[in-house]
Amino acid sequence: METARFLLSRFAQSLLALFCIITLTFFLARLAPGGPFLDEKKIPEHLVEQMKRNYGFDKPLPVQYAMYLGRLVKGDLGPSFGNKGFTVYEVIAESFPVSAMLGACGLFLALALGIPIGVFAAARRNTIVDYALMSLVTLGICVPTFVVGPLLGEMFALKLGWFDVALWENSSAWILGSVTLGLYYSTYIARLTRGSMIEVLSQDFIRTAKAKGVPPLAILFKHAFRGGITPVVAFLGPAIAGLIGGSFVVESVFGLPGLGQHFIKAATNRDYWLINGTVTVFAVLILTMNFLVDVLQAWLDPRTRANR
Amino acid sequence: MLSPAPAKSTTIEKGSSLGRDAWLRLKKNHLAMASLWFTILIILVSFLLPLVPGIPDPNTTHPDLQSMPAFSSATSMDGKEVYYLLGSDPLGRDVFSRILYGGRVSLSVGFLATFVSLTIGVIYGAVSGYLGGRIDAVMMRIVDILYALPFMIIVIILSTYVAEMGDWKPVRFLNELFGNSLWLLFLCIGAVEWLTMARIVRGQVRSLKGQEFIDAARSLGLSQSRIIFRHLIPNTLGPVIVYTTLTVPAVMRLEAILSFLGLGVQPPDASWGSLIKEGADLMASDPGLLIYPAVVFGLTLFCLNFLGDGLRDALDPKSSKD
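Residues numbered from 1 in each chain as written. Chains lettered and ligands numbered in written order. Predicted model: local features only at pLDDT ≥ 70, side-chain atom pairs only at ≥ 80, totals over all residues. Heavy atoms only, no water.

Student: Give me the interface of chain B and chain A: which residues, what numbers.
Tutor: On the side of chain A, 42 residues touch chain B, which itself brings 36 residues to the contact. The interface formed by chain B and chain A holds zero salt bridges in total. Taken together, chain B and chain A are joined by one residue pair in polar contact (both at pLDDT 80 or more). Within the residue set of the side of chain B that touches chain A, elements represented by two or more residues are α5 (133-148), α6 (151-164), α11 (224-260), α12 (272-281) and α13 (288-315) of chain B. Of the residues contributing to the side of chain B that touches chain A, the split by class is 27 nonpolar, three polar and six charged. (Contact = heavy atoms within 4.5 Å. Salt bridge = Lys/Arg side-chain N within 4 Å of Asp/Glu carboxyl O. Polar contact = N/O pair within 3.5 Å; in protein donor to acceptor, adjacent residues only side chain to side chain. Helix = DSSP H or I, 4+ residues; strand = E, 2+ residues; numbered from the N terminus. Nonpolar A, V, L, I, M, F, W, Y, C, P; charged D, E, K, R; others polar.)

Student: Explain the nonpolar core to me, using residue names and the numbers behind them.
Tutor: Among the nonpolar cores identified, the biggest contains 127 residues, and Phe146(A), Phe248(A), Phe263(A), Ile156(B) and Ile189(B) are the most heavily contacted of them. Non-local contacts of Phe263(A), meaning those with residues more than four positions away in its chain, are made with Phe248(A), Ile275(A), Thr278(A), Val279(A), Phe282(A), Ile153(B), Ile156(B) and Ile157(B). (Core = buried A, V, L, I, M, F, W, Y, C linked by side-chain atoms within 4.5 Å. Buried < 20%, exposed > 50% of the residue type's maximum accessible area, 1.4 Å probe, protein only.)

Student: For empty space enclosed by the protein, give the residues involved together with the corresponding values.
Tutor: All chains considered together, the criterion is met by one cavity of 30 Å³ or more. For the lining of the largest cavity, the residue count by class is five nonpolar, one polar and one charged. (1 Å grid on protein atoms, 1.4 Å probe; cavity = no way out; pocket = protein on both sides within 12 Å on 5 of 7 lines; lining within 4 Å. Points joined across faces, edges and corners; volume = space filled by probe spheres on them.)

Student: How would you summarise the side chain of Ser196(A) if you had to cite specific residues and measurements?
Tutor: All names here are of chain A. Summarising the element assignment, Ser196 is placed in helix α7 (residues 173-201). Assessed through its relative accessible area of 10%, Ser196 is described here as buried. Polar side-chain contacts of Ser196 include one of 2.4 Å to the backbone oxygen of Gly228. Contact partners of Ser196, with chain neighbours within four places excluded, come to Gly228 and Pro231.

Student: An account of the packing of aromatic side chains is requested, with residue identities and associated values reported.
Tutor: Here a ring pair, both rings aromatic, is described through the centre-centre distance and the interplanar angle of the planes. According to the stated counting rule, one finds 20 aromatic pairs over all chains in the structure shown. Geometry around Tyr272(A) places Arg30(A) over its ring, the cationic atom sitting 4.5 Å from the centre. Residue placement shows Lys277(B) over the ring face of Phe260(B); its charged tip is 5.0 Å from the ring centre. (Phe/Tyr/Trp six-rings, centres within 6.5 Å; stacked < 30°, edge-to-face > 60°. Lys NZ or Arg CZ within 6 Å of the ring centre and 35° of its normal.)

Student: How would you summarise unusual backbone geometry if you had to cite specific residues and measurements?
Tutor: Residues and elements named next belong to chain A. Its identity as a non-glycine residue notwithstanding, Asn126 has a phi of 60°, on the positive side. As for its position among the elements, Asn126 is in the loop between α4 (88-123) and α5 (128-142). Taking relative accessible area as the criterion, Asn126 reaches 45% and is therefore assigned partly exposed.

Student: Can you tell me about the packing of helix α9 (residues 216-228) of chain A against helix α10 (residues 230-254) of chain A, naming the residues and giving the values?
Tutor: All names here are of chain A. Where α9 contacts α10, the axes come no closer than 5 Å and their chain directions differ by 30°. When the axis of α9 is compared with that of α10, the two are roughly parallel. Contacts from Arg226, Gly227 and Gly228 of α9 reach α10 at Thr230, Pro231 and Val232. A per-class count over the contact of α9 with α10 returns two nonpolar, three polar and one charged. (Axes fitted to C-alpha atoms, helices over the stretch in contact; angles between N-to-C directions. Parallel < 35°, antiparallel > 145°, perpendicular 65-115°, else oblique.)

Student: Give a description of the packing of α7(A) against α10(A) that names residues and reports values.
Tutor: Residue and element names in this part refer to chain A. Contact geometry for α7 and α10: axes closest at 10 Å, N-to-C directions at 150°. Considering their axes alone, α7 and α10 lie roughly antiparallel with respect to each other. With respect to the hand of their crossing, α7 and α10 are arranged in right-handed fashion. Here Ala173, Leu176, Gly177, Thr180, Leu181, Tyr185, Tyr188, Ile189, Leu192, Thr193 and Ser196 of α7 come into contact with α10, specifically with Pro231, Val232, Phe235, Gly242, Leu243, Gly246, Ser247, Val250 and Phe254. Residue composition of the contact of α7 with α10, grouped by class: 13 nonpolar, seven polar and no charged. (Left-handed = near helix turned anticlockwise from the far one by under 90°.)

Dropping the structure here:
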């Protein structure tokens, strides 16, 4: 009952946050100087006026906002100015799978690599193994994705020819992309896991378990792991936001036609509805992830529920 | 105001201040100290070395001296002897001097944006924690909602403003004052980076308000300002300093990503991010263009992170027992 109420309030808060994000991006994009019709080719003034009328840009901003919300509720994201003949929905439907694949594989790799490294380093705390692993991890944090990406591309795609570079069609460049993303986030996860595992391992109930003669591996995985993993779960929310930001870079490095590429182009060209559409997708993703994290945390750690 | 402490009390008990303790602990951490010296060195070199007369201009192109190797010297068309410490790029610009100037941009953005976020975060957090009650709840809910914002996206949208606001009068004035439109960039980054700082300061202020040592200080008859300046603020300062040190590399990374995506520094100006981008494009033909700025950038981030970790160990009251 308590849990249900907690999750319900979290859900309501997510909806409120989504509304705030949609509103903020609408006004941020619309108040920006310049506009979608400022082409290199000089369009006659009266044509620009007519286009503005067509799209309803001649009306006052609050009216446009209300119209936008009305269309959004019906699921209509509007046309894309930068991709002639395409609606925003079509652009997103085409590019979203690319980004989703990239992000999902990256996240999986980050977890699959980061958690074992963190647990292992914590179990061998203050030994040479621990120091070596943690130095490597700290080094990894400081080499940004936009250096690792080109280097991986150079090595595995150009020199060794294992992967294609760029071009999404039937290409394996996305593998390098997700490896780039995954390696970077695994460093954060490894550090977090190590820190929280060490904290859990120094608690009294672990000493009791040791005194009872529970084998070390069982202590590590049956007793400590559940508590030690909670901060990592909490990190998944920010990690998704970070992965989205990271995918902008990776998509640009490997030339993958994902959502990030479209978003950046839309932002620089003032493709209003595409900006709003992509940001809405990003926001829904982040908020869904945050909500799932809350659910997971409530399940892993009953204290979370009581504290709210 | 603070009244001068009676001389007697200082002779009886030679107290060791929090800052001094922390400094002693930090000095024992060789890695953190090395990081500190390296950071200071990088800052001094980036800001002072370009003032030395012999250093070439980072934006001067030499069409006849393209892609020179490192440690080479050549005579340019106008008969001048040019020495390339780290070679030149395909436009004949000196890579070493571009890295120096790029460092100036990257470090300024890092520190100034951090300063913006520090100011907003500390004030917001302290007000929220100090007032408490309903105002605190509302203020923290706002932070919660902002946390869910994809802030990288907001920065990108804001940074596209930068390119097109040059005609607006106040913007033009500030552009002329700073020499370019970078100030808008660090304002944008600072404006979205303050959330964690606000949470940290609020938490500190709230927990300190009710602690025994504050009661003890009060019952000893210390003045209000002495309690605030000698007992409350030094205790919030620890986490604030640590988090500030860790924010600088985060902000520098963000600036580098923006510049890499072509949204930050505009050519011919350079930052470490834009230099890495130029290098990544030409990696196959001239790997040095990528490697030199990437190594300098990576080392700087590495040191700032280690310095932050070292400061955390030094300033954390929990670790002061061992």
